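# A closer look at the structure
The lines below spell out each chain.
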Amino acid sequence: MKKHNFYAGPSILPEITKEKTAEATINFAGTGLSVMEVSHRSKEFVAVMTEARNLVKELLQVPDGYSVLLLQGGASAQFLMVPYNLMKNKAAYLNTGSWASKAIKEAKLFGEVVEVASSKDANFNYIPKNYPVPDDASYFHITTNNTIFGKELLTEPDVKLPLVADMSSDIFSRPVDVSKYDVIYAGAQKNLGPAGVTLVIVKEDALGKVDRPIPTILDYKVQVANGSMFNTPATLPVFACLQTLKWLKELGGVETIEKINIQKSNLLYEELDRNKLFVPTVLNQEDRSRMNVTFVMAPDYAELEGDFLEFATSKGMVGIKGHRSVGGFRASLYNAMPVESVKALIEAMQDFEKNKYPEV
Ligand SMILES: *Cc1c(COP(=O)(O)O)cnc(C)c1O
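So, a few notes on the structure that sits alongside this text. Within each chain, residues carry numbers counting from 1 in the order of the written sequence. Only residues with pLDDT of at least 70 are given local features in this predicted model, and only at 80 or more are side-chain atom pairs given and counted; all residues enter the totals for whole chains, interfaces and linings. The side-chain figures draw on all heavy atoms in the structure; neither hydrogens nor water molecules are used.

What follows is about the side chain of Asp-287. Under the DSSP-based scheme used, a helix requires at least four consecutive residues in state H or I and a strand at least two consecutive residues in state E, with every element numbered from the N terminus. Structurally, Asp-287 can be placed in the loop between strand 11 (278-280) and strand 12 (292-297). Here the term buried applies to any residue with accessible area under 20% of the maximum for its type, exposed to any over 50%, and partly exposed to those in between, with areas from a 1.4 Å probe on protein chains only. Given the relative accessible area of 2%, Asp-287 is considered buried. Whether two residues touch is decided by their heavy atoms; if any such pair falls within 4.5 Å, the residues are in contact. The contact partners of Asp-287, leaving out residues within four places of it in the chain, are Tyr-126, Ile-127, Lys-129, Gly-150, Lys-151, Glu-152 and Val-282.

Okay, here's the thing in structure tokens:
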């Protein structure tokens, strides 16, 4: 039976990414060796790293003066690298979910953190708006997509401070105006490749302004100066990321994928608004994530949660169980997810409704 992969991360990748990576694990670039067993300084691997960094620049139209890094440590390491490198005395954060809360916790190790607003009071089911942002902070940190709670900030907040964004779960899903940011970071394992790589786009002018000493491996300036090869990068995952970047370029880039992502998420939200058995957890239409669609059983049908999970699983759906802090279900519709899989999930929801309540 065909499996429909809705996991939130690590998550679905394009077929071509898996095929090319499988080939390269045996014979990489005609070397007769695996990509896992050649030097990261070999001309073959340097070409992979260079092409991957250049394709990120091309796909996101990264302006001059920015550097693209492919680091290790996950987005979680960026929670501390950002304040380590950029925060003078104060930084401002918008708290829209668990990941933002974790970023705030790390930033507090380095100075004063102003949490400008939080939606914690409502289990993070909306994005706060119209909050004051201190103008003497070093940067304003946002999480563009809330992977767990299913919300997405599709336009930059209108603030004077340079922005820093955790884009782990919506990078490359739509165009972004990189010039508004000092740093953009994203763990690869949602929309780009396997776990083990973290994409960082950093504005070079923003660096070197703090007085604290920075450990070498955590210093963006060192990473920039060494072309993201200060130490051994995650060679196999970087190779896989390159394949996804090429796939995206071939498809037409972020403008094209955005249209597909809008189509996919609209289909599912329309069904959630129609189907009596389910309700979306994010009620403000404009806050709803295109990448992670979170929903629960309607209150009258709460006892059917286990039944639906079993039914959907029998129809090939994988990874739709909601995060424990929200419950219910989460369907992650990352770039590589075909519209057919979204339609299969919708069909399962409709069949379940008909089976349970033929009269509905
Ligand atoms: C998954 C995720 C993270 C954590 O990423 P790691 O690479 O596991 O550290 C952080 N932020 C967001 C928004 C995420 O979706």
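Close to the ligand lie 13 residues, the nearest being Ser-76, Thr-147, Asp-166, Gln-189 and Lys-190. A distance of 3.0 Å separates an oxygen atom of the ligand from a polar side-chain atom of Gln-189. Note on areas: Shrake-Rupley with a 1.4 Å probe; residue coverage comes only from the protein chains shown. Its free accessible area being 390 Å², the ligand has 88% of it covered by the protein chains. With 4 residues, the single largest contributor to the shell around the ligand is helix 3 (residues 74-86). When residues are grouped by polarity, Ala, Val, Leu, Ile, Met, Phe, Trp, Tyr, Cys and Pro land in nonpolar, Asp, Glu, Lys and Arg in charged, and all others, Gly among them, in polar. Of the residues assigned to the shell around the ligand, the class counts are 3 nonpolar, 8 polar and 2 charged. In this text, near means that some heavy atom of the residue lies within 4 Å of the molecule or strand in question. Each polar contact in these results corresponds to two N or O atoms within 3.5 Å; when the atoms are within protein, one needs to be able to donate a hydrogen and the other to accept it, and residues that are neighboring in sequence are counted only if both atoms are side-chain atoms.

This brings us to the packing of helix 2 (residues 43-60) against helix 6 (residues 235-251). Comment: axis = line fitted to C-alpha atoms, over the contacting stretch for helices; angle = value between 0 and 180 degrees taken between N-to-C directions. Two numbers describe how helix 2 lies on helix 6: the axes approach to 9 Å, and their chain directions differ by 40°. When the axes of helix 2 and helix 6 are compared, the pair comes out oblique. Viewed along their axes, helix 2 and helix 6 form a crossing whose handedness is left-handed. Contact residues: helix 2 offers Phe-45, Val-48, Met-49, Glu-51, Ala-52, Leu-55, Val-56, Glu-58 and Leu-59, while helix 6 offers Thr-235, Val-238, Phe-239, Leu-242, Leu-245, Lys-246, Leu-248 and Lys-249. A breakdown of the residues in the contact of helix 2 with helix 6 according to their chemical character gives 12 nonpolar, 1 polar and 4 charged. Working definition: roughly parallel below 35 degrees, roughly antiparallel above 145 degrees, roughly perpendicular at 65 to 115 degrees, and oblique for all remaining angles. When the near helix sits turned anticlockwise from the far one by under a right angle, the crossing is termed left-handed; a clockwise turn instead gives a right-handed crossing.

Turning next to the packing of helix 1 (residues 15-26) against helix 6. Contact pair helix 1 / helix 6: the axes reach a minimum separation of 9 Å and the direction vectors enclose 140°. You can see that helix 1 and helix 6 cross each other, and the crossing is right-handed. Where helix 1 abuts helix 6, its residues Ile-16, Thr-17, Lys-20, Thr-21, Ala-24 and Thr-25 lie against Leu-236, Phe-239, Ala-240, Gln-243, Thr-244 and Trp-247. In terms of residue class, the contact of helix 1 with helix 6 is built from 6 nonpolar, 5 polar and 1 charged.

Function cannot be inferred from these measures alone, as they are strictly geometric.
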